[in-house]
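# Coordinates in review
Listed below, chain by chain, are the residues.
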Amino acid sequence: MDRRQLLESILGVSGAALISPAFAGLSLPASLASDPINDHSLVSQFPKGFLWGAATAAYQVEGGWNEDGKAESVWDRFVRVSGNIKNGDTGDVACDSYHRYRDDVALLRQLNCRSYRFSISWPRVLPTMHGAPNAKGLDYYKRLVDALLEAGIRPLATLYHWDMPQEVEDAGGWPNRDVADRFADYVAVVARALSDRVDHWCIFNEPKTFTQLGYWFGKFAPGRKDPLAFLRATHTVNLAQGKAFRVLKSVSAKAQVGSAFDPAPMIPASASAEDRAAADQWFRLNNLWHVWPALTGAYPGGVLPESELPSLLGLQPGDEQLVRAPFDFVGLNYYTRWTVRAVPKGFQGIPGLMADAQWATGPHAKTDIGWDVYPEGFYDIVTRMSRLMGAQMPIEITESGAAYNNPPDAHGVVHDPQRIAYLRAHLRELARAIRDGAPVRAYHAWSLMDNFEWAEGYSQHFGLVAVDAAHGQRRTIKESGRWYARVAAANRVV
Ligand code: FCB
């Protein structure tokens, strides 16, 4: 059986059977704008068996951009356009994890991590759209996963952390609906190669980020600025998510499948009815656009004019079944809050969107990348998402962390007290959310190590570990990393 036949048999036979009625009763409240939180009680303890981990993504750490048969990705192309990336940085070498993954696994052990969220590079394992899988690329991930398992660390594999093959982008990229099938082809290749050793999968990382910044605002690869292409892209991604879910389930009976979303509290810029309505609208677009279709088959109302959904998204009859993905768990990434104001004349070419949202406009301290430090928002969004998705939905925190760019001292030690303070405050809010009923079972710090931070290049340091590219990629655990290791060992905030 070739890859296409395998996929057809998977999608044809079991597609309908996997649609679960479990989420049939989910509905949205009238308003989703956030109010301030008043309970600041300190909670430190995490539930027994809670999984402590760290996260990275292929393009941000692997390097080896053109080695062993890997094809070009949209990021390989994007970084080469002058002006796109701070200081002209690229991920060509990054942290060289393609060759140094054993060092990474050793670091995870030193940090007492029992889960590692990494991502798989599509162009590394399936370099051409209709060609054969790349055995050398797949071998890399087999070796990485084996090293993790040997170290007693659970692999959590993300299938798409933004590095689409350039060939697929040239065929139209995410705005082209057919790309959902190309993605399902790729997922079938990975599932067949790795599901003997990987049980936990995230299909997408932050679909809202790569569709908005990649196709609407042009700040991330592939750098397009076309609101309608963005809307089409969101729908293809939702189709791809449903298809990938069914592929994974069909290949492996033990697959536990989710996606990683990045919902954030939407704070109205003022108490006016208009700003509150804007915050509600932005919540639906940013926080629910990819999880709601997966769980219910429908887009959240109140964003686009209902009658224009087919033309704006390219919706076709039957899509409400195809987009469904009754997840086994949902991943949440959290960094900061958004402030939303009404824009009565409409915003940036999206019909019906009367809201503009921005980061970092609150009266709060900022991290070095300029994002508001807003720990209570972590409690707000985790409890709110849990209520919306239903208490039966397990949650994993798939990313959380902060950029603080402290340089090493004369002895090579990185003192980064602000990161410790940031993590401490956020973990307490997470512990409080769990105490109040949110079924969160894992936390992954972003990031294991300093890495290629997209348009910011290497200028922003999110790592628990410093990486010195000038000295043979030397990895040094920061003070925050040592602190995190103590938290993971104690299972409580120290
Ligand atoms: C998230 C991305 C991750 C990293 C952090 C800082 O949006 O998923 O790759 O860049 O932000």
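Since the structure is predicted, the reported quantities are computational estimates derived from the model, not experimental observations. Per chain, the residues get numbers from 1 upward, laid out in the order the sequence is written. Per-residue local features are limited, in this predicted model, to residues with pLDDT of at least 70; the limit for side-chain atom pairs, both in listing and counting, is 80 or more; totals at the level of whole chains, interfaces and linings are taken over all residues. In computing side-chain properties, one takes all heavy atoms of the structure into account and sets aside hydrogens as well as water.

### Some remarks on the site of the ligand
Around the ligand sit Gln 60, His 161, Trp 162, Asn 205, Glu 206, Tyr 335, Glu 399, Trp 446, Glu 453, Trp 454 and Phe 462, and that is every residue in its neighbourhood. Note that an oxygen atom of the ligand is positioned 2.7 Å from one of the side-chain N or O atoms of Gln 60. At a separation of 2.8 Å, an oxygen atom of the ligand approaches a polar side-chain atom of Glu 453. Surface accessibility in these figures is a Shrake-Rupley result with a 1.4 Å probe; residues are shielded only by whichever protein chains are displayed. The fraction of the free accessible surface of the ligand (290 Å²) that becomes covered by protein chains is 95%. Here the nonpolar group is Ala, Val, Leu, Ile, Met, Phe, Trp, Tyr, Cys and Pro; Asp, Glu, Lys and Arg are the charged ones; every other residue, Gly included, is treated as polar. Residues that form the shell around the ligand fall into these classes: five nonpolar, three polar and three charged. When we say a residue is near a molecule or strand, we mean one of its heavy atoms is within 4 Å of it. Definition of a polar contact: a pair of N or O atoms within 3.5 Å, with one able to donate and the other able to accept a hydrogen when the atoms are protein atoms, and with sequence-neighbouring residues admitted only if both atoms are side-chain atoms.

### Points about the pairing of strand E8 (residues 338-342)
The pairing of strand E6 (residues 266-268) with E8 spans three bridges and is parallel. Each bridged residue has a counterpart across the sheet, and for Met 266 the counterpart in E8 is Trp 338. Strands pair, by our definition, only if DSSP identifies at least two bridges between them. Secondary structure elements are taken from DSSP: a helix is a run of H or I of four residues or more, a strand is a run of E of two residues or more, and numbering for both begins at the N terminus. Pairing geometry for E8 and strand E9 (residues 355-359), over five bridges, is antiparallel. Directly across from Val 340, in E9, lies its bridge partner Ala 357.

### Structural notes on unusual backbone geometry
Cis geometry marks the peptide bond from Ala 221 to Pro 222; its omega dihedral reads 5 degrees. Note that Pro 222 resides in the loop between helix H9 (207-216) and helix H10 (227-251). With an omega of 10 degrees, the peptide bond between Trp 446 and Ser 447 qualifies as cis. Backbone geometry places Asn 87, a non-glycine residue, at a positive phi of 60 degrees.

### Observations regarding the nonpolar core
Among buried residues, those of type Ala, Val, Leu, Ile, Met, Phe, Trp, Tyr and Cys that are joined through side-chain atoms within 4.5 Å constitute a nonpolar core. Here's how the labels work: a residue is buried when its accessible area is under 20% of the maximum for its type, exposed when over 50%, partly exposed in between, all with a 1.4 Å probe on protein chains only. Core analysis: the biggest nonpolar cluster contains 156 residues, and Trp 75, Trp 174, Phe 183, Leu 430 and Tyr 443 have the highest contact counts within it. The dominant element in this core, judged by the number of residues it contributes, is helix H8 (residues 179-194), at 12 residues. If we ignore the near neighbours within four places in the chain, the residues touching Leu 430 are Phe 46, Phe 50, Phe 378, Val 382, Ile 397, Val 440 and Tyr 443. Only heavy atoms matter for contacts: two residues are in contact if any of them lie within 4.5 Å across the pair.

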